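Residue-level structure breakdown
Each chain is listed here by its residues.
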Amino acid sequence: MALYIGVMSGTSLDGMDIALIELGASIKLLASHYTPMPSSLRAELLSLCASGPDEVARCAIAENHWVELAAQGVHALLTQQQLSPQDIRAIGSHGQTIRHEPALGYTVQIGNPALLAELTGICVVGDFRRRDVAAGGQGAPLVPAFHEALFTHESGYRAVLNVGGFSNLSLITPTEPVAGFDCGPGNVLLDAWIQDTRGDLYDRSGQWAASGRVEPALLNTLLSDPFFKTQGPKSTGREVFNLNWLKHHLFSLPAFPAEDIQATLLELTALTIVDSLQSAQPHTDELLVCGGGAHNTALMTRLASLLPQTRVNSTQVKGVDPDWVEAMAFAWLAHCCLENIPTNRPSVTGARGLRILGAIYPA
């Protein structure tokens, strides 16, 4: 038995998820801690997702602030569980993605693992994505191997859907290697639009989207983006899908009520997920949903209506809280790195072969 901590802050930038897991015969979530993202740090991290003045210095300063926040969360979790740093074998830290351009050969996750090791007194494993990109892969998604380990089963066709800022699928069958890829925007456009028009951080339960109606002309122009025509392996990020991308498409169309735009964005998320799933795995017995999107009632209802032959549920039905699956994944990835276990999947990322992911920063 060994204890690991996973640290994850995703593209939504709402906060930091920190999960404590126990690895033995099974993968067990023991405890979790959520640290909200300060608005000033969130704004700076968002601004670093695009070119701007004095990026190198600003990035280094923001990175250290991110690490300080992560270290505070780790110490809070240890105190809550009456554990010491010596009780934890390693922290798996994803870092914060600020650029993702695998077609150009790079992906950037800031998170200064050396400083995190210093501030926590715990071995840190970070920088998980760049080895896969170096091997010709997309560097994302990395969670399908973990989904396979956590949700493997003996028969039938299962898919695991993570809906964070972006949505990605893992396809799990008993006889084939796990497959997976990014589907497109998850919450990123929904969050951006409601923040821009109403000042809210997100659309709770999808209530605002549910109050509007889908605008076919807008939906069709959004779906015309070339990303939706490509097959996996593929990944995406804010470089492609962002508020400016949405406003560019709105510019050439008549004015729509704001709630109708939100409804159309939710339909875009649902349709691109379902189209991706049906193209890659035409028959799926069960779709398990994790990430913040699992709490979007309107989205979950729409997915179920579009997939009448598939059981659509949160991962909670398997005893795994949907909020902590990704943080758990990076704790598990840290374990695999220390044990020299490859965790990329060429069937997912398109890399030239299996690779051990992560760089180790001893305590």
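Computed from a predicted structure; not experimentally measured. (Residues numbered from 1 in each chain as written. Predicted model: local features only at pLDDT ≥ 70, side-chain atom pairs only at ≥ 80, totals over all residues. Heavy atoms only, no water.)

**Side note on the overall build of the protein chain**
Selection criterion: Helix and strand definitions follow DSSP, with helices as H or I runs of at least four residues and strands as E runs of at least two, each counted in order from the N terminus. For this measure, only C-alpha atoms enter the radius of gyration; the expected value for a globule follows 2.2 Å times N^0.38, where N is the number of residues. Any residue under 20% of the maximum accessible area for its type is buried, any over 50% is exposed, and the rest in between are partly exposed; the area is computed with a 1.4 Å probe on protein chains only. Residue contacts are defined here by distance: any two heavy atoms, one from each residue, within 4.5 Å place the two residues in contact. Each accessible area is a Shrake-Rupley result for a 1.4 Å probe, and residues are judged covered by the shown protein chains and nothing else. Only four residue types enter the tally: Lys and Arg on the positive side, Asp and Glu on the negative side; His and the chain ends are excluded. Positions of charges follow a simple convention, taking NZ of Lys, CZ of Arg, CG of Asp or CD of Glu.
Counting its regular elements, the protein chain contains 13 helices and 13 strands. Against the compact-globule benchmark of 21 Å for 363 residues, the protein chain has a radius of gyration of 20 Å, which places it among compact chains. Seen through its principal axes, the protein chain has C-alpha atoms that stretch 60 × 50 × 40 Å. Within the protein chain, buried positions represent 55% of all 363 residues. Excluding contacts between residues fewer than 6 apart, the proportion of contacts in the protein chain whose partners are at least 24 apart in sequence is 68%. Summed over its atoms, the accessible surface of the protein chain is roughly 14900 Å², and 52% of this surface lies on carbon and sulfur atoms. The averaged location of the 34 negative side-chain charges in the protein chain is 4 Å from the averaged location of its 22 positive side-chain charges.

**Concerning the nonpolar core**
Worth spelling out the cut-off: Definition used in this section: a nonpolar core is a set of buried Ala, Val, Leu, Ile, Met, Phe, Trp, Tyr and Cys residues joined via side-chain atoms within 4.5 Å.
Formed by 43 residues in total, the largest nonpolar core has its most connected members in Leu169 and Leu287. Sorting elements by how many residues they give to this core places helix 10 (residues 258-280) first, with nine residues. Residues in contact with leucine 169, not counting those within four places in the same chain, are Pro144, Ala159, Val160, Leu161, Ala179, Gly180, Phe181, Cys183, Ile273, Ser276, Leu277 and Leu287. Among the nonpolar cores identified, the runner-up in size contains 35 residues, and Cys123, Leu142, Ala327 and Ala334 belong to it.

**Looking at the UniProt feature "binding site: ATP" (unreviewed entry) in the protein chain**
The condition that has to hold: UniProt positions are given in the numbering used here, feature names are shortened, and annotations may be inferred rather than shown by experiment.
In the UniProt entry, the feature "binding site: ATP" (unreviewed entry) is given for Gly10, Thr11, Ser12, Leu13, Asp14, Gly15, Met16 and Asp17. Checked against the element boundaries, glycine 15 lands in strand 2 (residues 15-23). A residue is classified by how much of its surface remains accessible, and glycine 15, at 3% relative accessible area, is buried. Apart from residues no more than four positions distant in its own chain, glycine 15 is found in contact with Met8, Ser9, Tyr34, Thr35, Pro36 and Met37.

**Some remarks on the sheet that holds strand 13 (residues 359-361)**
Just so we agree on the cut-off: A pair of strands is labelled paired if DSSP reports no fewer than 2 bridges between them. Here the axes come from fitting lines to C-alpha atoms, over the contacting stretch only for helices, and the angles between their N-to-C directions go from 0 to 180 degrees.
Across the sheet, six strands lie side by side as 3-2-1-4-7-13; this open sheet has mixed pairing. Two strands lie at the open edges of the sheet, namely strand 3 (27-36) and strand 13, each paired on one side alone. Strand-to-strand twist of the sheet, defined as the mean angle between neighbouring strand axes without regard to direction, takes the value 20°. One ladder, built from four bridges, connects strand 1 (residues 2-8) with strand 4 (residues 90-93); its direction is parallel. Each bridged residue has a counterpart across the sheet, and for tyrosine 4 the counterpart in strand 4 is alanine 90.

**Quick word on the side chain of threonine 349**
Looking at the element boundaries, threonine 349 is found in helix 13 (residues 346-349). Its relative accessible area of 2% is what places threonine 349 among the buried residues. In this view, threonine 349 contacts Asp132, Gly137, Gln138, Gly139, Ala140, Pro141, Pro233 and Asn344; residues no more than four positions away in its chain are not counted.

**Focus: the pairing of strand 9 (residues 166-172)**
The buried fraction of strand 9 amounts to seven of the seven residues, a majority that puts the element mostly inside the structure. Side chains of strand 9 alternate between two faces, with Phe166, Asn168, Ser170 and Ile172 and Ser167, Leu169 and Leu171 buried alike. Bridge count for strand 8 (residues 158-163) against strand 9 is six bridges, and the pairing is antiparallel. If you follow arginine 158 over to strand 9, its bridge partner there is isoleucine 172. From the end of strand 8 to the start of strand 9, which pair antiparallel, there are two residues. Looking at chain direction, strand 9 and strand 10 (residues 179-185) are connected through six bridges and run antiparallel.

**Concerning the side chain of asparagine 162**
Structurally, asparagine 162 is set in strand 8. Accessibility expressed as a relative area gives 4% for asparagine 162, which makes it buried. The contact partners of asparagine 162, leaving out residues within four places of it in the chain, are Ser167, Asn168, Cys290, Gly291 and Glu326.

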